Amino acid sequence: MSIFTSTPSSLPTSHEAVKDVIDSKTREFRRPDTQFRGFISSNPGSNFPPEKGRYHLYVSYACP
């Protein structure tokens, strides 16, 4: 008996996730563009304005 009885509707199933990264013609793996890109900028209307103590950089060498 599994405690995981359903998949949340917002998460893709493993088959759907693989389908999005495998090129249907060449059958090659295509890494999707990251969704976590942005720049700290002092330009007006910037999504990430500079602010003391606002940002933290975490580095881990656990994964290549």
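Parameters at a glance
Residues numbered from 1 in each chain as written. Predicted model: local features only at pLDDT ≥ 70, side-chain atom pairs only at ≥ 80, totals over all residues. Heavy atoms only, no water. Helix = DSSP H or I, 4+ residues; strand = E, 2+ residues; numbered from the N terminus. Buried < 20%, exposed > 50% of the residue type's maximum accessible area, 1.4 Å probe, protein only. Areas by Shrake-Rupley, 256 points an atom, 1.4 Å probe, with all protein chains shown as cover. Salt bridge = Lys/Arg side-chain N within 4 Å of Asp/Glu carboxyl O.

- Identification of the chain as GST N-terminal domain-containing protein from Glonium stellatum is taken from an unreviewed UniProt entry.

1. Observations regarding the overall build of the chain
Thought 1: Tallying secondary structure elements over the chain gives one helix and zero strands in all.
Thought 2: Taken across its 64 residues, the chain has 3% of its residues classed as buried.
Thought 3: A total accessible area of about 7000 Å² is found for the chain, and carbon and sulfur atoms account for 56% of it.

2. Details of the pattern of salt bridges
Thought 1: One pass over the full model with this rule turns up two salt bridges.
Thought 2: A salt bridge links Arg30 to Glu28; its shortest N-O distance comes to 2.9 Å.
Thought 3: Assessed through its relative accessible area of 39%, Glu28 is described here as partly exposed.

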